[in-house]
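Architecture and fold: a report
Listed here are the chains, written in short residue letters.
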Amino acid sequence: MSVTLLDGGIGQEMVARAGDRPTPLWSTRAMMDHPGLLQGIHADYFAAGADIATTNTYAIHRDRLAPDGLEHLFAPLHATALAEAQAARDAHGAGRIAGSIGPLAATYRPELHPDAATAVPLYAEMVRMVAPGADLVLFESVASLSHAETALAGAAAAATGLPVWLSATLDDEDGTRLRSGEAVADLLPILDGGGAAAVLANCSAPEAMPPALEVFARSGLPFGAYANGFTMITKAFLENRPTSDTLTARRDMGPEIYADHVLRWVGQGATIVGGCCETGPAHIAEIARRLREAGLHD
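Read on for an overview of the structure. Treat the numbers as computed from the prediction; the structure is a model and nothing was measured.

Regarding the overall build of the chain
What the chain contains, in helices and strands, is eleven helices and ten strands. Compactness check: the chain gives a C-alpha radius of gyration of 17 Å against a globular reference of 19 Å for 298 residues, within 12% of the reference. Across its three principal directions, the C-alpha atoms of the chain cover 50 × 40 × 40 Å. Burial analysis of the chain (298 residues in total) assigns 56% to the buried set. Excluding contacts between residues fewer than 6 apart, the proportion of contacts in the chain whose partners are at least 24 apart in sequence is 75%. Of the roughly 11,400 Å² of accessible surface on the chain, 52% is carried by carbon and sulfur atoms. Here the chain contributes 20 positively and 35 negatively charged side chains, and the mean placements of these two sets differ by 2 Å.

Examining the state of the cysteines
Within the structure shown, the criterion is met by zero disulfides. Of all cysteine sulfurs, the one in Cys203 lies closest to Cys276, which takes part in no disulfide; the gap is 3.8 Å.

A closer look at the side chain of Glu140
Here Glu140 shows up in strand β4 (residues 136-142). The charged side chain of Glu140 is buried without a salt bridge, its nearest counter-charge being Arg64 at 11 Å. Contact partners of Glu140, with chain neighbours within four places excluded, come to Thr54, Tyr58, Ser100, Ile101, Gly102, Pro103, His147, Ser167, Asn202 and Tyr226.

Focus on the sheet that holds strand β8 (residues 198-202)
Here we have eight strands laid out as an open sheet, ordered β1-β10-β9-β8-β5-β4-β3-β2, and parallel in their pairing. The open sheet has two edge strands, β1 (4-5) and β2 (52-54), and neither has a second partner. By the bridge criterion, four bridges tie strand β9 (residues 223-227) to strand β10 (residues 272-275) in an arrangement that is parallel. Each bridged residue has a counterpart across the sheet, and for Ala225 the counterpart in β10 is Val273. Here helix α7 (residues 145-158) sits on the sheet and contacts β4 and β5 (164-168); the angle it forms with β4, its principal contact strand, is near 165°.

Quick word on the packing of helix α6 (residues 116-130) against α7
Interhelical geometry of α6 versus α7 gives an angle of 50° and a closest axis separation of 7 Å. With respect to α7, the axis of α6 lies oblique. Judged by the twist between their axes, the crossing of α6 over α7 is right-handed. Of the residues in α7, those touching α6 at Ala116, Ala119, Val120, Tyr123, Ala124, Val127 and Arg128 are His147, Thr150, Ala151, Ala153, Gly154, Ala155, Ala157 and Ala158. Residues that form the contact of α6 with α7 fall into these classes: eleven nonpolar, three polar and one charged.

Some remarks on the environment of Ile97
Structurally, Ile97 is set in strand β3 (residues 96-101). Along the backbone, Ile97 and Gln86 are eleven residues apart, and their C-alpha atoms lie at a distance of 7.4 Å. When sequence neighbours within four positions are dropped, the list of residues in contact with Ile97 reads Ala53, Thr55, Ala85, Gln86, Arg89, Gly133, Ala134, Asp135 and Leu136.

Description of the packing of aromatic side chains
By the definition in use, this model includes three aromatic pairs. With centroids separated by 6.0 Å and ring planes inclined at 70°, the aromatic side chains of Trp26 and Tyr58 adopt a geometry described as edge-to-face. With Trp26 in helix α2 (residues 26-33) and Tyr58 in the loop between β2 and α4 (62-65), this residue pair connects regions lying 32 residues apart in the sequence. Grouping residues by exposure puts Trp26 and Tyr58 together as buried. Aromatic side chains Tyr123 and Phe139 sit 5.6 Å apart centroid to centroid with 85° between the ring planes, which places their arrangement in the edge-to-face category. Remark: Phe139 occurs in strand β4 and Tyr123 occurs in helix α6; sequence separation between them is 16 residues. Here Tyr123 falls in the buried class, since its relative accessible area comes to 0%. In this structure, Arg62 packs its charged tip against the face of Phe74, placed 4.2 Å from the ring centre.

Quick look at the pairing of β8
Walk down a regular strand and you will see the side chains alternate between the two sheet faces. In terms of burial, β8 is largely enclosed, as five of its five residues are buried. Where burial is concerned, the two faces of β8 agree: the one with Ala198, Leu200 and Asn202 and the one with Val199 and Ala201 are both buried. Looking at chain direction, β5 and β8 are connected through four bridges and run parallel. Opposite Ala168, over in β8, you have Ala201 as the bridge partner. Bridge count for β8 against β9 is four bridges, and the pairing is parallel. When the sheet's bridge partners are listed, Ala201 is paired in β9 with Ala225.

What counts, and where the lines are drawn
- Residues numbered from 1 in each chain as written.
- Predicted model: local features only at pLDDT ≥ 70, side-chain atom pairs only at ≥ 80, totals over all residues.
- Heavy atoms only, no water.
- Helix = DSSP H or I, 4+ residues; strand = E, 2+ residues; numbered from the N terminus.
- Rg over C-alpha atoms; globule rule 2.2 N^0.38 Å.
- Buried < 20%, exposed > 50% of the residue type's maximum accessible area, 1.4 Å probe, protein only.
- Contact = heavy atoms within 4.5 Å.
- Areas by Shrake-Rupley, 256 points an atom, 1.4 Å probe, with all protein chains shown as cover.
- Lys, Arg positive; Asp, Glu negative; His and termini not counted.
- Charge placed at Lys NZ, Arg CZ, Asp CG, Glu CD.
- Disulfide = S-S within 2.5 Å.
- Salt bridge = Lys/Arg side-chain N within 4 Å of Asp/Glu carboxyl O.
- Pairing = 2+ DSSP bridges.
- Axes fitted to C-alpha atoms, helices over the stretch in contact; angles between N-to-C directions.
- Parallel < 35°, antiparallel > 145°, perpendicular 65-115°, else oblique.
- Left-handed = near helix turned anticlockwise from the far one by under 90°.
- Nonpolar A, V, L, I, M, F, W, Y, C, P; charged D, E, K, R; others polar.
- Phe/Tyr/Trp six-rings, centres within 6.5 Å; stacked < 30°, edge-to-face > 60°.
- Lys NZ or Arg CZ within 6 Å of the ring centre and 35° of its normal.

Structure below.
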């Protein structure tokens, strides 16, 4: 078995390295204000052992840009994010690029997700935006069954031919449930009919991953996980247009402890692993080291 190693958090790493006070535009603002910072982050992840660079396009949505009068930058911001990932990959000489697409409306807020008539064409547009510079499309933080259905329908409508990976965000206290409260098991028929090439879980507590992975193993698809390092999702973060400084990093999630979790997921059959918010290059380097020692990664 060979394990594909994703990178770690991109958005939070951008905000941390920028050193600016977080805004509702999150890593998009950091990318706008600090040209070249993103390429350096991608380069650090490749150097740490990552096989894939995840583009900083998670939060580049029309509904995020419009309140600041920046919707006209929708396409240029995608182009910038793709270019910095490509430059890092080219300098490294190897690796793939995952075109990240986050949830419409808000992260962790499945009740705000638009209906299919609205969501499908928006997802299709974003798939077409990331496709020119990506090797695969990665839908991240999928919080409900309807989110999964519309994301996969949008990818099908875009018809780019790229593999589509779908990554769900879980109830931190019950990994058999999505953030919406719906059963992870109910994703399986959606994946089966929706053309997904892999299924993952992300941006949830590492302790929530094992029950979801047990379910994913029944899908017949490559599966895996990449967790966050937040203590909890606060009520303030679930308000409209939150900023990431309402979230607190765990103090018990250093590279060694996080890698312990990841290797347990690999023991369950996961073949795609990495890190999400509040994990960085040191976490990926430790995972890479452990995987190499186990003969699971070059």
